[in-house]
Each structure stands twice: as structure tokens, then as C-alpha cells.
Amino acid sequence: MMQWRPAWAVLKKELRDGRRDRRAKVSALLLPLLGPLLFYSITTHTVDLANDDTPLKVAVVGGEQAPNLVDSLRRAGLDVFPAPDDYEQQVHSGDLDVVLRLPDDFAADFSQGKPARLDVICDDSNSRGKSAVQHLTATLNSYSDFLGTRRLYAHGVSPELSHPLQIVHNDLSTPEERAGSLFGIIPLFLLLTAFLGGMYVATDSTAGERERGPLVSLLLNPVSPGSILAGKWAATVIAGSVAIIVSVAGFGFVSEHANLQAAGLRASLGTPQLVTLVGIMVPLVMFTSALQLLISLYARTN
């Protein structure tokens, strides 16, 4: 039968050892903050992208062949300038996001009504360059549609004949629902915290003490093994619960101070939601603590 007084003594002993152990404090206090810090960086990046009004810089090769195209790009808000001689090397190094190159036969093909080729020079391994390519491509497609409409009018053909379908994108999602996709990563971090928060306390109080010797001395006392195990399990649960509380508080702080409204998102983790998250995760911490103790008790080292 389990004796509560010895279990309480073991619990206080494990908490005292954990409070003195730097690695136990790191696993319970610092590791749970990695999730909120990463979540803060993601939300900040999302808001910065939504508020970024810096004009896209596009280097152009052979722009003198199509001055109207260059003017159209400038009217669309793009910063157009002549490309340097080593533009391919600068694109590869990341100094230039995208380069628009007009081949030598561009003017001849365009004047003859043939499809004129445009080369978009980019580096797909550059994440910033991908958004620049998408922006430039959308602008070029708009200009191409404008020219095609004018040519059809010049031949007495209605442009509507070439567009039998009109596709309109209707987004029914609310700002809260769009924020939900961003907040969906929080449960993943909480699951990791539930497993990592008390892991060091569980391993050190079982396998670690067995190798150092204190566990054998503890078992020699006239105390049931169940009481000893209950005290160690309670200490592991407390360490894991502290980690969960620290992590949930970090997510609440980030969601409160992140300017999500600027990105068209609206969500907040208030006190009721934070308490609910802690209440959901604590039973999982109790299970993971028992599992970690079981594994650590039978762990062997060479």
C-alpha cells in the first residue's frame, strides 16, 4: 500500500533537487519558451509582409526595345532600373531578387504581332525572390491582357469572345478563421512541451539516481516502492505542468502584443482560453510523466 507521508517526503526531495539542477530548470522554464518565440517570429513576419509597401525592384535587360512596357511597370509601382552586367551572379547571390530580360528579337516579334518572349531571371531557392517573381509575373500578365484587348479591338473583335468564363474569387473566411490557421501550430508546441517539460526530472530521479546510488539507499528504507514512485511521479508532473504554464503564458503574451489586425487577422488568447489550454494539457502531462518514469526505470547504460 502507498504511504502518503513518505511520498510527500520524496516529492519535496525531488523538487529541491530539481530547483538546484540547472538542466532541470532549463527544461521546465526555458525550453517551453522556444515555441512562443518561434510563433512570435512567424506572426511578425506575416504582419511585415502584409504591411510591406516597399516597391519591388526589377532590373531590366534590353528595356530600350520596349519603352511602353517599362513605363507600364513603373506605373504599376515597380522600381525599374537597368540591369548590371553581372546580373545573373547577383541574382544567384541574392543581391537582386528578379531580372527581366528582353531578347534581341523582342522588338521585331512584337511589331509583327507575334508572341514576344520575356525571360524572368530568378533563383527559386531564395524565398524573398519567389514573391518578387509572383509580383512581376502578375504585372506582366496584366500588361499582356491589356495589349491583347487592344489588338482585338483593332481587328474589330470583341475581347469578351476570348474570355468565355469570368472567374471571381469570393473569400468567405472571417479574420478569426484566417487567424486559426496561424494559431493551429500552438497545439504542436504544447505537445512537445508536455513531453520535454518533465523529461529530465523523470530520467534523473530514476535512471540517474540508480547509477549514482541514491535510489538504492532510498529503497532500503521501510517505505513501499509505490510511495517512492508516487513522489517521483508527482515531481515530474509538477515540472511538466510548470513547463506547460510557461509555454501557454508565452503564447498568450505573443498573441496579445502581435499586431495581427494589420495582417487582416483577428484572434486573441484571453484568460479563459489560456486556462482551458492548461486544463487540457495537464492530464497529458500526467500520462507522459508516468510513461517517462516507466521507461527510465528500465533504462540501461553500457
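Thresholds applied
- Residues numbered from 1 in each chain as written.
- Predicted model: local features only at pLDDT ≥ 70, side-chain atom pairs only at ≥ 80, totals over all residues.
- Heavy atoms only, no water.
- Buried < 20%, exposed > 50% of the residue type's maximum accessible area, 1.4 Å probe, protein only.
- Helix = DSSP H or I, 4+ residues; strand = E, 2+ residues; numbered from the N terminus.
- Arc of directions from axis to C-beta.
- pLDDT = per-residue confidence, 0-100.
- Contact = heavy atoms within 4.5 Å.
- Phe/Tyr/Trp six-rings, centres within 6.5 Å; stacked < 30°, edge-to-face > 60°.
- Lys NZ or Arg CZ within 6 Å of the ring centre and 35° of its normal.
- Core = buried A, V, L, I, M, F, W, Y, C linked by side-chain atoms within 4.5 Å.
- 1 Å grid on protein atoms, 1.4 Å probe; cavity = no way out; pocket = protein on both sides within 12 Å on 5 of 7 lines; lining within 4 Å.
- Points joined across faces, edges and corners; volume = space filled by probe spheres on them.
- Nonpolar A, V, L, I, M, F, W, Y, C, P; charged D, E, K, R; others polar.
- Salt bridge = Lys/Arg side-chain N within 4 Å of Asp/Glu carboxyl O.

**Q** Break down helix H9 (residues 186-196) for me, citing the residues and quoting the values.
**A** Ile186, Phe189, Leu190, Thr193 and Ala194 are the residues of H9 that are buried. Seen end-on, H9 carries its buried residues on one side only, within an arc spanning 145 degrees.

**Q** Hey, could you go over the confidence of the model for the protein chain for me, with residue numbers and the actual values?
**A** For the protein chain, the average pLDDT comes to 79, and 82% of its residues sit at 70 or higher. The spread of mean pLDDT over the elements of the protein chain runs between helix H11 (residues 214-219), the lowest at 65, and strand E3 (residues 98-101), the highest at 91.

**Q** Residues and numbers for the environment of Leu277, please.
**A** Along the chain, Leu277 turns up in helix H13 (residues 271-297). On the accessibility criterion, Leu277 (23% relative accessible area) is partly exposed. Distance in space between the C-alpha atoms of Leu277 and Ile244 is 8.9 Å, their sequence separation being 33 residues.

**Q** Residues and numbers for the environment of Gln292, please.
**A** Considering the arrangement of structural elements, one finds Gln292 in helix H13. Distance from Gln292 to Val201, taken between C-alpha atoms, is 9.5 Å for residues 91 residues apart in sequence. Each residue touching Gln292, except ones within four places of it in the same chain, is listed here: Phe195, Gly198, Met199, Ala202 and Thr236.

**Q** Tell me what's going on with the packing of aromatic side chains, and back it up with residues and numbers.
**A** Under the definition given, this model contains two aromatic pairs. Here Phe106 and Phe110 contribute two aromatic rings whose centre-to-centre distance is 6.0 Å and whose plane-to-plane angle is 15 degrees, an arrangement assigned as stacked. On the criterion of helical spacing, the pair formed by Phe106 and Phe110 is a turn pair, its members being four residues apart in helix H6 (residues 106-111). Exposure remark for Phe106: the relative accessible area of 6% places this residue in the buried category. With 6.1 Å between their ring centres and 35 degrees between their planes, Phe189 and Phe251 make a pair best called tilted. Highlighted residues: Phe189 in helix H9 and Phe251 in helix H12 (residues 225-257), separated in sequence by 62 residues. A relative accessible area of 17% places Phe189 in the buried class. In this structure, Arg151 is placed above the aromatic ring of Phe110, and the distance from its NZ or CZ to the ring centre is 5.0 Å.

**Q** Could you give an account of the nonpolar core, with specific residues and numbers?
**A** Of all hydrophobic cores here, the largest spans 19 residues; its most connected members are Val58, Leu69, Leu73, Leu78, Leu100, Leu102 and Leu136. Broken down by secondary-structure element, the contributors of at least two residues to this core are strand E1 (57-61), helix H4 (67-75), E3 and helix H7 (127-154). Sequence-distant contacts of Leu100, that is, excluding residues within four places in its chain, are made with Val58, Ala59, Val60, Val61, Leu69, Leu73, Leu118, Asp119, Val120, Leu136 and Leu140. The next biggest cluster of nonpolar side chains, apart from the first, holds 15 residues, and it includes Phe39, Leu182, Phe189 and Ile244.

**Q** Go over the layout of surface pockets with me, naming the residues and quoting the values.
**A** Looking at the second largest pocket, its volume works out to about 350 Å³. Phe106, Ala116, Leu118, Ser144 and Leu147 are, among the 17 residues lining the second largest pocket, the residues nearest its centre. At the level of secondary structure, the elements contributing two or more residues to the lining of the second largest pocket comprise H6 and H7. When grouped by side-chain class, the residues that make up the lining of the second largest pocket number ten nonpolar, five polar and two charged.

**Q** I'd like a rundown of the pattern of salt bridges, residues and numbers included.
**A** Considering all chains together, one arrives at three salt bridges under this definition. Measuring nitrogen to oxygen at the nearest pair gives 3.6 Å for the salt bridge that ties Glu88 to Arg101. Here Glu88, found in helix H5 (residues 87-93), pairs with Arg101, found in strand E3; they are 13 residues apart in sequence, far enough to count as distant. In this structure Glu88 comes out as partly exposed when scored by relative accessible area, which is 49%. Judged by relative accessible area, Arg101 falls into the partly exposed class, the value being 23%. Here Asp119 and Arg101 are joined by a salt bridge, their closest N and O atoms 3.4 Å apart.

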